[in-house]
Amino acid sequence: MRLGIHLPHVGRKAGPDSIRKAAIQAETLGFADVWVSEHIIVPKGAPYPPSPIFYEPVLTLTWAGAATKRIGLGTSVLVLPMRHPVPLAKELATLQNLSQGRLIVGAGVGWMKPEFAALGMPFQERGRRMDEGVALMRALWSQDPVSFATELVQADIDEMRMLPHPSPPIPIWIGGITEAALRRAVRLGDGWHGTRLTPEEAAPVVKRLRGERPESSFVISLRHGWDGKDEAALKGRLQGYRQAGVNHVMVEPWEREIDAWLKTVERVAKAGEGLAG
């Protein structure tokens, strides 16, 4: 099982030096990948995210990628229906090539209705826009020239060119734990990236996904937030995920100060010792 770690790009701990230090630390400690999340604009007083200070994910990963050599770069998750897929496809292809193939795109439909409204995107269409966006980006990444007839995304793409294509192809892990997200992962995904499940809750989901997507290239991943209080409990949870058949876990520390964050990351690495393979 591979182990990833979230980057400190949210809240008062976030900043260029913090992100760079954390990315280098994660690579040195042997984590498989570093991860970022996404909110573009949020309502005043919203209970989540915990801070309106929220560095943009693709640029954050570009910064982290420039400071490292080997570690993977992942999004947990990009809210694809909030974005126009054409410029996003260009940005992601560029990051994949500049990082020499280290990108994993976790993508979800989102949940914050005021954020969609602020961006001028229809909230009720987000599921269908997600499906069309994934198909459009994959066409842009693989065809030259490319033609693609859209139904929801405003785009007229007829014998157009977008180069360079990403090399290797960018894996897309579908995020979410709803029934629609699980069906979408089976239908469209190169993997599934869930959250907020215990090992016991994850086991039947893993069994279902493995039954429908048995190929080893389909990755089953979970995100887990950790308060830093009980290292033994974290180790037990990671072992439980591995026993359930999970291939990858990304841990998100909850510390608000960068020094405490970096120390917690060291403890996560220790808890994950012996879980690889």
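Residues numbered from 1 in each chain as written. Predicted model: local features only at pLDDT ≥ 70, side-chain atom pairs only at ≥ 80, totals over all residues. Heavy atoms only, no water.

1. Looking at the layout of surface pockets
Selection criterion: Both site types are read off a 1 Å grid over the protein atoms alone. A 1.4 Å probe that fits but cannot get out defines a cavity, while an open set with protein on both sides within 12 Å along at least five of seven lines defines a pocket; lining residues have an atom within 4 Å of a point. Grid points are joined across faces, edges and corners, and a volume is the space filled by probe spheres set on the points. Going along the chain from the N terminus, every DSSP run of H or I of four or more residues is numbered as a helix, and every run of E of two or more is numbered as a strand. Each residue is assigned to one class: nonpolar for Ala, Val, Leu, Ile, Met, Phe, Trp, Tyr, Cys and Pro, charged for Asp, Glu, Lys and Arg, and polar for all the others, Gly among them.
Its boundaries defined by the atoms lining it, the largest pocket holds a volume of some 1300 Å³. Within the residue set of the lining of the largest pocket, elements represented by two or more residues are strand E3 (72-79), helix H6 (179-188), strand E8 (191-195), strand E9 (219-226), helix H8 (231-244) and strand E10 (248-253). The residue makeup of the lining of the largest pocket, split by class, is 18 nonpolar, 18 polar and 10 charged. Forming the walls of the second largest pocket are 13 residues, and the residues nearest its centre are Met1, Leu3, Gly30, Gly272 and Ala276.

2. Thoughts on the pairing of E8
Regular strands place their side chains on alternate faces of the sheet. Keep this limit in mind: Type-normalised accessible area, obtained with a 1.4 Å probe on protein chains alone, sets the label of each residue: buried when under 20%, exposed when over 50%, and partly exposed for intermediate values. One bridge is not enough; two strands pair if DSSP finds at least two bridges between them. Handedness is read with the strands pointing away from the viewer; a crossover is right-handed when the path from the first strand over the helix to the second is clockwise.
Summarising burial for E8: 4 of the 5 residues are buried, a large majority. The pairing of strand E7 (residues 172-175) with E8 spans 3 bridges and is parallel. Bridge assignment links Trp173 to a residue of E8, and that residue is Gly191. For the segment spanning E7, H6 and E8, crossover handedness is right-handed. Bridge count between E8 and E9: 5 bridges; the pairing is parallel. For Trp192, the partnering residue across the bridge sits in E9 and is Ile220. What joins E8 to E9 is helix H7 (residues 199-212), and the crossover it makes is right-handed.

What is shown is where atoms sit, not what they do.
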